[in-house]
Amino acid sequence: MITVVPLDGGGGEGGSPPDAGTDGGDGGDAGPSSSTGPCDFPCDGDAECVPFHPGKSFGPVLVWIGPNDGSAPDCPDNAPVEQFVWFADLVIPPKQCGPCSCGPSDGTCSLPETITAHAAPCTPPEGTAATPHDPPAAWDGTCAADNAIAAGLSCGPGTPCVQSVTVGPLGKEDIGCAVIDKTGATTTAPPKPSWSRMARVCEGSAFGTCESDEHCVPKPPADFRQCVYLTGEHACPAEGYVEASVVYESYKDERTCTACTCGAPEGSFCSSDVSIFADAACTTSPLIASAWSDGPRCHDVVPKGRALGAKTASLPVYHAGSCAAAGGNVVGEVALAGPHTLCCLV
């Protein structure tokens, strides 16, 4: 609805009308009604006498205030100049943002740095003899006979050194998730704010004899009113132009959507298969041991005491995880611009 400003009991921003009883008003308005002469004629017909504009206000003007639905009448014939069209009661539909989403994570994997034989089945107790069978540094998975262990190697009476093999964890580095930015994405443009009410301000000229503190101005037709106006929001006088309506020239939609972001990847892992052969050429009796990035994996060796000659590994595979999406939130507001206060006669 139109905003009503409390009355301040004064005449606009000033006190008594500065031009009342002096020069008869702005723009050559008629002087006191006591003036007589052959050229005097009454302010009537399409004109009427109204009080001077108080304080620092402008006017009076004819104003139509009503719904902004295309039904507003044109300025009347006796005040044909449309000075302003102002608005009130802004309807602000919600702004749509998001939803944000993230693609699967991306990352890299590296092969294990350690392979260790233990003198006990899985899981070897603490203190069990361990014999390294590590691959070369920066291993690419090709056949490597580094740290070979001969068949039957003993770690004590009746205790073969090779009873289980523990493959160290794969290396994993998460790069992150790509943002699938759906901020503001809709099939049609979102509705803009709209004014539900408007004020059409019209001006014209009229001539005739009035009291010394009055103007002769165009008479308002049906649905129009005599009003004065001030720039900004103000209280209206306590008498005369007492009914206030705050109207605006425009608005500025300063709402935006925050950027979409993705959190750290969760649930990703790497996997590979390590084949350990009895010979140095990676051809004889492989022991297949799985390797994972979530920790070392132990595998029992059958038969115990077998030779660990050379090893190969499959190219490690990165299994994507997911990232939590954030952002896509509405920030800012719709700001009203160019306020004016209409003060109308009751």
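Structure's up top.
The text that follows walks through the structure, step by step, so that each part is easy to find.

Procedures and definitions
- Residues numbered from 1 in each chain as written.
- Predicted model: local features only at pLDDT ≥ 70, side-chain atom pairs only at ≥ 80, totals over all residues.
- Heavy atoms only, no water.
- Helix = DSSP H or I, 4+ residues; strand = E, 2+ residues; numbered from the N terminus.
- Pairing = 2+ DSSP bridges.
- Axes fitted to C-alpha atoms, helices over the stretch in contact; angles between N-to-C directions.
- Salt bridge = Lys/Arg side-chain N within 4 Å of Asp/Glu carboxyl O.
- Buried < 20%, exposed > 50% of the residue type's maximum accessible area, 1.4 Å probe, protein only.

**Digging into unusual backbone geometry**
And step 1. Residue Thr 123 is reached from Cys 122 by a cis peptide bond, and omega for that bond is -10°.
And step 2. Considering the arrangement of structural elements, one finds Thr 123 in the loop between strand S5 (115-118) and strand S6 (130-132).
And step 3. At the junction of Val 302 and Pro 303, the peptide bond is cis and its omega measures out at -5° in the coordinates.
And step 4. Mapped onto the elements of the fold, Pro 303 is located in the loop between strand S17 (297-300) and strand S18 (310-313).
And step 5. In this structure, Asp 89 takes a positive phi of about 60° despite not being glycine.
And step 6. Following the sequence through the fold, Asp 89 ends up in strand S3 (residues 81-91).
And step 7. Although it is not a glycine, Asp 223 adopts a positive phi angle of roughly 75°.

**Looking at the sheet that holds S6**
Strand pairing in a sheet relies on backbone hydrogen bonds. The paired strands run either parallel or antiparallel.
And step 1. Spatial ordering of the open sheet is given by S6-S5-S7-S17, a layout of four strands whose pairing is antiparallel. Strand pairing shows two members of the sheet lacking a second neighbour, S6 and S17, which therefore form its edges. Here the average twist between neighbouring strands, direction ignored, is 25°.
And step 2. Looking at chain direction, S5 and strand S7 (residues 164-167) are connected through four bridges and run antiparallel. Residue pairing for S7: Ala 117 is matched across the bridge by Val 165.

**A closer look at the pattern of salt bridges**
And step 1. In the structure shown here, the tally under the stated rule is five salt bridges.
And step 2. Between Glu 243 and Arg 225 there is a salt bridge whose closest N-O contact spans 2.7 Å. Here Arg 225 lies in strand S11 (residues 224-231) and Glu 243 lies in strand S12 (residues 241-253), a separation of 18 residues in the sequence.
And step 3. Owing to a relative accessible area of 35%, Glu 243 belongs among the partly exposed residues under this scheme.
And step 4. Arg 225 sits in the partly exposed class, given a relative accessible area of 25%.
And step 5. With a shortest N-O distance of 2.9 Å, Arg 255 and Asp 253 are connected by a salt bridge.

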